[in-house]
Protein chains: 2
Amino acid sequence: MSTPINPAIAGLNAPPIPIVQKSARDYDGRLGDLIDLSQAVPGYAIHPKLGHHLEQAASRADLLGYGPIEGETALRGAYSQHASDIYGASITPSEIHITAGCNQAFVAAALTVAGPGDTVLLITPYYFNHDTTLSMLGIQTKTISAGPENRYLPDLSQLAAAITPDVKAIACVTPNNPTGTIYPTGLMNSLFDLCTRHNIWLMVDETYRDFLGDGEDQPQPHALLQRPNWRDHFIGLYSFSKSFCIPGHRLGAITAGAEVVTAISKIMDNLQICAARPPQHAVAETLELLAGWRAENRVEIRRRREALMAVLAECEGWEIVTIGAYFSYVRHPFKDRSSTDVAQFLAKERGVVTLPGTFFGEGQEAFLRFAFANVSAEQLNLLKTRLN
Amino acid sequence: MSTPINPAIAGLNAPPIPIVQKSARDYDGRLGDLIDLSQAVPGYAIHPKLGHHLEQAASRADLLGYGPIEGETALRGAYSQHASDIYGASITPSEIHITAGCNQAFVAAALTVAGPGDTVLLITPYYFNHDTTLSMLGIQTKTISAGPENRYLPDLSQLAAAITPDVKAIACVTPNNPTGTIYPTGLMNSLFDLCTRHNIWLMVDETYRDFLGDGEDQPQPHALLQRPNWRDHFIGLYSFSKSFCIPGHRLGAITAGAEVVTAISKIMDNLQICAARPPQHAVAETLELLAGWRAENRVEIRRRREALMAVLAECEGWEIVTIGAYFSYVRHPFKDRSSTDVAQFLAKERGVVTLPGTFFGEGQEAFLRFAFANVSAEQLNLLKTRLN
């Protein structure tokens, strides 16, 4: 008899991405190359200067031992400056904690604000790993729904009504995953005020922050870090994976008050002592250096957004319900079929890999997530024959 | 008013290593270079071939995206073969899960076997991160004490008596951290039988496995993986940090039955999707290639062990209570002072950095942990003047 496994883990959904990747492997190539709009991975190459620094740092003797739990001084310094510039704020290095990617940033932040029996509010459609992370930790979730009728923005009165004494935080994602929706500054202010009033935390996953805006200039994502009391209620989560094209190196960051950073360092010491050190130095060296390159990528991604909009307009029955910084949330034309079946069919029979809405919570059967930033405008144009 | 932090985190001890590192920074150098016997970090350089592969892999385009959650096929294959050789067993790649270091392996294993309200048995003195990890996750701990009277080996009848229905696993460390003690094959068999009888898990942290033995040949650490039912009760944890001198890259592995590996992959997807990919390939390339180099290091570490034994024999009042694969547990001569004070004094005034026994559980005031493998035999000889 095998010893039982923790039911909270045994009952957890299987990781979604490998499921669709499996369907994609069944595609026989009959319509040409696979068009992979599933996992959010930049479809262009790393900048050679970052590649050079990654190589240089990889075997540097002084980076092979353990490093500071909170992150390398060089990266905390460079990133706090960078974040200060973006948010028009004064963020110090002691208000930054480096992590191994943004999922880990969320785990650490969630454990910081809530324990077993506490509740975190999620907004449906939610990023699936937020839901499974909380379940895995024994933290309850309560969801409020944000749908097309309100452009996928949460309704404040619904949120307020959901804040019972067990609720310790609201978790949101902007630019949103899966919908691409960008939460306006006013909404972010209201969310923060709501959290202040109820003395709970606002956790904001800003993985797709660098893809905001329509051109070279990156607009300010929100004004919360200009609030004098931001440290008491706000925890910001970020990933270097997307903007720097290095998911394989696992690197993210948390922006929070020093007290939260201290709590997170206790968690991180247990989770993995410190994030891998060499990529931290490579990113610190290139954070400002590659600002122009990132701006060019923003322009390229706008081009892709326009290409997707143009091609889906020519696909009978397909409807873009929202499109934003990195993702589009798309209504498929198969009214009687679940998005899981549709995604499987598209992957296997049409060589188009997307994520089904069902991965992102209840009531999402009619939708698919398209990570349009992954592929070139030319590839997106091929959707015309693949989807019709 | 700042929003409260999860009391399980707020109440957690601060990470121990930075505390002693802080004391070490106060040392003014008056007696010569710092002798750092605190955090377990190999005191010799990485092998140049591994360095070369780390550099090569760091910017490889095919490793910059996300990888398989369970680990790179190359490393799971190479490590399952390597582990099969070491344990005289047949371990398949599907029975390996790669992690970002052994702390993360423990987090994932602990969550797999226990949830909030469940209990895991620890053996005092325990590795401190095991204790803090379980607390952080809301998992209860129960300890049984292993002391010098039994050469720091746990007593089976005490363990058996502690197994109540809430106990889901026993966690042990062999070669032991902090004592260096090597659990004999017979004891490991008995521990496994005990777990089988009570249908609970045996989690074995074998971070220091490669430093077993007195010479070039690495003896078999235990015979559990030859048991036909090992997959039902055993979870093995390992770190590449020590033997390969790459703590800064964060790489570890779990050996477990496929069902446990599936559960762990759900947890890892939330924790950080996958371990950093480039170092996985570098280690896969050099795992067999550097077997001879690792054997030489074992011989070198034996030399260091002998040097420590020789020098402490000449230090008035200091007593090695146990010495093993990587660590020695040492009784300090200051009967009326806590090991925390003694460690602080040694670091600051004598430039000798050790970890106080108090970090490893109750009743450890009289002891310090010496990570003797960190420093050369010549440096160890300097302890004669520093400790007297």
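Residues numbered from 1 in each chain as written. Chains lettered and ligands numbered in written order. Predicted model: local features only at pLDDT ≥ 70, side-chain atom pairs only at ≥ 80, totals over all residues. Heavy atoms only, no water.

Visitor: Explain the overall build of chain A here, please?
Guide: Along chain A, the regular secondary structure elements total 15 helices and 13 strands. Relative to its length of 388 residues, chain A is compact, with a C-alpha radius of gyration of 21 Å against a globular reference of 21 Å. Projected onto its principal axes, the C-alpha coordinates of chain A cover approximately 55 × 55 × 50 Å. A burial count over chain A gives 64% of its 388 residues as buried. In chain A, the share of contacts with a sequence separation of at least 24, taken over all contacts with a separation of at least 6, comes to 75%. Counting every atom, chain A has about 13000 Å² of accessible surface; 50% of that belongs to carbon and sulfur. Once the 31 positive and 39 negative side-chain charges of chain A are each reduced to a mean point, those two points are 2 Å apart. (Helix = DSSP H or I, 4+ residues; strand = E, 2+ residues; numbered from the N terminus. Rg over C-alpha atoms; globule rule 2.2 N^0.38 Å. Buried < 20%, exposed > 50% of the residue type's maximum accessible area, 1.4 Å probe, protein only. Contact = heavy atoms within 4.5 Å. Areas by Shrake-Rupley, 256 points an atom, 1.4 Å probe, with all protein chains shown as cover. Lys, Arg positive; Asp, Glu negative; His and termini not counted. Charge placed at Lys NZ, Arg CZ, Asp CG, Glu CD.)

Visitor: Explain the domain arrangement of chain A to me, please; I cannot follow it from the model alone.
Guide: How big an interface is tends to be stated in terms of the accessible area lost upon association of its parts. All names here are of chain A. Each domain of chain A was delimited in the assignment, giving domain 1 (7–45 + 292–387) and domain 2 (48–290). Between the C-alpha centres of domain 1 and domain 2 the distance comes to 24 Å. On the domain 2 side, the residues contacting the 37 residues of domain 1 number 38 residues. Summed over both partners, the interface of domain 1 with domain 2 buries about 3000 Å², with 63% contributed by carbon and sulfur atoms. Among the residues domain 1 hides against domain 2, the three largest losses belong to Arg 294, Arg 298 and Phe 360. Together they make up 25% of the total. (Domains from an automatic or database assignment. Buried area = accessible area lost by both parts, 1.4 Å probe.)

Visitor: Mind showing me how you'd approach the relation of the copies chain A and chain B here?
Guide: Related by rotation about an axis and a shift along that axis, the two copies of the chain form a pair. Once chain A is rotated about the relating axis by 180 degrees and shifted along it by 0.0 Å, it coincides with chain B to within an RMSD of 0.0 Å. The superposition of one copy onto the other is thereby described by a two-fold rotation axis. Among all C-alpha atoms of chain A, that of Glu 55 of chain A lies closest to the rotation axis, at 2.3 Å. Mapped onto chain B, 100% of the interface residues of chain A again fall at the interface, so both copies present the same surface. (Least-squares fit on C-alpha atoms with pLDDT ≥ 70 in both.)

Visitor: Help me understand unusual backbone geometry, please; the structure alone is not making it clear to me.
Guide: Among all residues except glycine, the phi angle is most often negative; among peptide bonds, the trans geometry is most common. All names here are of chain B. Cis geometry marks the peptide bond from Thr 174 to Pro 175, where omega comes out at -15 degrees. As for its position among the elements, Pro 175 is in the loop between β5 (167–173) and α8 (185–198). Asn 177 connects to Pro 178 through a cis peptide bond whose omega is 20 degrees. Although it is not a glycine, Tyr 152 sits at a positive phi angle of roughly 60 degrees. Secondary-structure assignment places Tyr 152 in the loop between β4 (140–145) and α7 (156–162). Since its relative accessible area comes to 3%, Tyr 152 is described here as buried. Here the phi dihedral of Arg 250 falls at roughly 55 degrees; this positive angle occurs in a residue that is not glycine. For Arg 250, the location among the structural elements is in the loop between α9 (241–244) and β8 (252–255). Taking the relative accessible area as the measure of exposure, Arg 250 reaches 3% and is therefore buried.

Visitor: Explain the sheet that holds strand β10 (residues 328–331) of chain A to me, please; I cannot follow it from the model alone.
Guide: Paired through their backbone hydrogen bonds, the strands of a sheet run either parallel or antiparallel. All names here are of chain A. Sheet architecture is open: four strands sit in the order β9-β10-β13-β12, paired in antiparallel fashion. Both outer strands of the open sheet, β9 (319–323) and β12 (355–356), are each paired with one neighbouring strand and no more. Direction of pairing for β9 relative to β10: antiparallel, over a ladder of four bridges. The residue of β10 that forms the bridge with Thr 322 is Tyr 329. Across the sheet, helix α12 (residues 291–313) is in contact with β9, β10 and β13 (367–370); its angle to β9 comes to roughly 160 degrees. Those strands touched by helix α13 (residues 339–350) are β12 and β13, and its axis lies near 45 degrees from that of β13. (Pairing = 2+ DSSP bridges. Axes fitted to C-alpha atoms, helices over the stretch in contact; angles between N-to-C directions.)

Visitor: Explain the packing of helix α5 (residues 102–113) of chain B against helix α10 (residues 258–271) of chain B here, please?
Guide: In helix packing, the relevant descriptors are the interaxial angle and the interaxial distance, both defined with respect to the helix axes. Residue and element names in this part refer to chain B. Between α5 and α10, whose axes approach to 9 Å, the crossing angle comes to 120 degrees. With respect to their mutual orientation, α5 and α10 come out oblique. As for the relative orientation of α5 and α10, their crossing is right-handed in sense. Only Val 260, Ala 263, Ile 264, Ile 267, Met 268 and Leu 271 of α10 make contact with α5, whose side of the interface consists of Gln 104, Val 107, Ala 108, Leu 111 and Thr 112. Its residues placed into classes, the contact of α5 with α10 shows nine nonpolar, two polar and no charged. (Parallel < 35°, antiparallel > 145°, perpendicular 65-115°, else oblique. Left-handed = near helix turned anticlockwise from the far one by under 90°. Nonpolar A, V, L, I, M, F, W, Y, C, P; charged D, E, K, R; others polar.)

Visitor: I'm lost on helix α10 (residues 258–271) of chain A in this one. Help?
Guide: Think of an α-helix as 3.6 residues a turn; residues three or four steps apart then line up on the same face. Residues and elements named next belong to chain A. Between its first and last C-alpha atoms α10 spans 19 Å; for 14 residues at 1.5 Å apiece the expected length is 20 Å, and the two agree. Summarising burial for α10: 11 of the 14 residues are buried, a large majority. A positive backbone phi angle near 70 degrees is found at Ile 273, which sits one or two residues after α10. (Expected span 1.5 Å × (residues − 1).)

Visitor: Mind showing me how you'd approach the interface of chain A and chain B here?
Guide: Listed by partner, the interface residues are 72 residues for chain A and 72 residues for chain B. Regarding the contact of chain A and chain B, the summed buried area is about 5900 Å², with carbon and sulfur atoms giving 58% of it. If you sort the residues of chain A by the area they bury against chain B, Tyr 66, Lys 266 and Asn 270 of chain A come out on top, with a joint share of 13%. Counting the contacts that link chain A with chain B gives zero salt bridges. In terms of residues, the side of chain A that touches chain B owes the most to one element, α10 of chain A, which gives nine residues. (Salt bridge = Lys/Arg side-chain N within 4 Å of Asp/Glu carboxyl O.)

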